[in-house]
Structures are given as structure tokens and as C-alpha cells.
Amino acid sequence: MDALRLAAEAGDAGAMSDLGATYTLGSEGLPQDDAEAFRWFTRSADAGWSLAKLNLAGCYRDGRGCDVDDARAMALYVEAASNPSDPAACDAMERIGEAYRTGTCGVTVDHAEAARWFRRGAEAGSVECAYRRGVCLATGEGVAANAAREWKSARGASDGFMTRKGEVGAWA
């Protein structure tokens, strides 16, 4: 813990983010302290660390260590989502999509926008976004009617495409 604190105090953005997470959880011998977590996430996010932006957005969304600020939370989610090759981006895209799906985080319900964010996350490699995108396609929520029909048609075609062991896949 001493090495982490020293690195964080020396300006290592990753260490600052990790120290914030440690305070969030109250682990590694540190007390659970939302205000201290918020402080470290802010420093790390200001240094450009995407994971800290994601965690700081959660603080603003839930009022952990700060007042609730939906607009600031959404802005941080969008910043964290801006680089699809960053692992934190997929989580941010999922949270943005969920905000639009449910009308939280200061945005109104917009199923089409939610589906777009889930698609972006799925394309970036997020299993969670791929699942949520699949739900959109299966239910037709936020997607064009023809996309939902095509998905259902493809799914129906695969239902009869079984191996001898009853598994979906290539003919054995």
C-alpha cells in the first residue's frame, strides 16, 4: 500500500485511480471513504486516466463523495468512451446505453440512442454490450424493424441447424 500511495502522490495516474478504488472498497487496510476516493479519482481523471473518468462518473451519478451531478456524470462517461481501444471505454459505452435505455443520468429515454451505444460497445469488444445489443434486436427496442426481423429470421434458421449431439453448429 505504501508503494501505491507513493506512486499516486508522485502523480502516477494509474496509481491515483487504483488508490481511489481502494478507498471506494475500503480494502488493503484503508477505510471505506467516498470523499477520499472521489479526490483520487478526480486527480487521476484530470491526468487523463479513462478508468478514473469512468469511476468518477459513477461518483457523480450516485453522489458518492460529492453532490449528484448527472450532467457531469454523462460528460465523463462520454469522455471515457471516446477511445474504443481503451478497456474502460466498453464499460462507459454500456453505462451510456443503459442511461438512455432507462432515462437516467440526466437523459431522457431514447431506445434508439441506447441501441447505438450498445452496438458501439459490442463492436469495440464488450460482451455486455453485445448481449444488450442482442436484446435490442430480439425485442425490436431501439432498432429498425427490418433489423429485428432479420435477427429473428437468422435465429429461427439456426434453430434447425443442430449437430448430432443437439448443439447448434455445423453439421457433423
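Model, not experiment: these values are computed from the prediction.

**Focus on the environment of Thr42**
Then, in step 1: One can find Thr42 in helix H3 (residues 34–46).
Then, in step 2: Between the C-alpha atom of Thr42 and that of Met16, which follows or precedes it by 26 residues, the distance is 8.8 Å.
Then, in step 3: Engagement of the side chain of Thr42 in a polar contact is seen with the backbone oxygen of Phe38, the distance being 2.8 Å.

**Some points on the packing of helix H6 (residues 87–102) against helix H8 (residues 127–139)**
In helix packing, the relevant descriptors are the interaxial angle and the interaxial distance, both defined with respect to the helix axes.
Then, in step 1: Packing of H6 against H8 brings their axes to within 9 Å, and their N-to-C directions diverge by 30 degrees. The angle between H6 and H8 falls in the class roughly parallel. Residue-level contacts link Cys90, Met93, Glu94, Glu98 and Arg101 of H6 to Glu128, Cys129 and Arg132 of H8.
Then, in step 2: Among the residues forming the contact of H6 with H8, the class breakdown is three nonpolar, no polar and five charged.

**Some points on the nonpolar core**
Then, in step 1: Ranked by size, the top nonpolar core spans 42 residues in total, and within it Leu56, Tyr60, Met74, Ile96 and Tyr100 carry the most contacts.
Then, in step 2: Those elements that provide at least two residues to this core are helix H2 (13–25), H3, helix H4 (50–62), helix H5 (70–81), H6, helix H7 (111–123) and H8.
Then, in step 3: Ranked by residues supplied to this core, first place goes to H6 with seven residues.

**Brief notes about unusual backbone geometry**
Then, in step 1: Notably, Glu28 is not glycine yet its phi reads approximately 60 degrees, a positive angle.
Then, in step 2: Tracing the backbone shows Glu28 in the loop between H2 and H3.
Then, in step 3: For Glu28, a relative accessible area of 58% corresponds to the exposed category.
Then, in step 4: For Cys105, which is not a glycine, the phi torsion comes out positive at approximately 60 degrees.
Then, in step 5: Position of Cys105 among the secondary structure elements: in the loop between H6 and H7.
Then, in step 6: On the basis of relative accessible area, Cys105 is assigned to the buried category, the value being 6%.

**Describing the pattern of salt bridges**
Note that side chains of opposite charge can pair when their charged atoms are close.
Then, in step 1: Across all of its chains, the model carries 12 salt bridges by this definition.
Then, in step 2: Measuring nitrogen to oxygen at the nearest pair gives 2.9 Å for the salt bridge that ties Glu128 to Arg132. With Glu128 and Arg132 both in helix H8 and four residues apart, the pair spans about one turn of that helix.
Then, in step 3: Take Glu128: its relative accessible area is 37%, and that puts it in the partly exposed class.

About the criteria used
Residues numbered from 1 in each chain as written. Predicted model: local features only at pLDDT ≥ 70, side-chain atom pairs only at ≥ 80, totals over all residues. Heavy atoms only, no water. Helix = DSSP H or I, 4+ residues; strand = E, 2+ residues; numbered from the N terminus. Polar contact = N/O pair within 3.5 Å; in protein donor to acceptor, adjacent residues only side chain to side chain. Axes fitted to C-alpha atoms, helices over the stretch in contact; angles between N-to-C directions. Parallel < 35°, antiparallel > 145°, perpendicular 65-115°, else oblique. Contact = heavy atoms within 4.5 Å. Nonpolar A, V, L, I, M, F, W, Y, C, P; charged D, E, K, R; others polar. Core = buried A, V, L, I, M, F, W, Y, C linked by side-chain atoms within 4.5 Å. Buried < 20%, exposed > 50% of the residue type's maximum accessible area, 1.4 Å probe, protein only. Salt bridge = Lys/Arg side-chain N within 4 Å of Asp/Glu carboxyl O.

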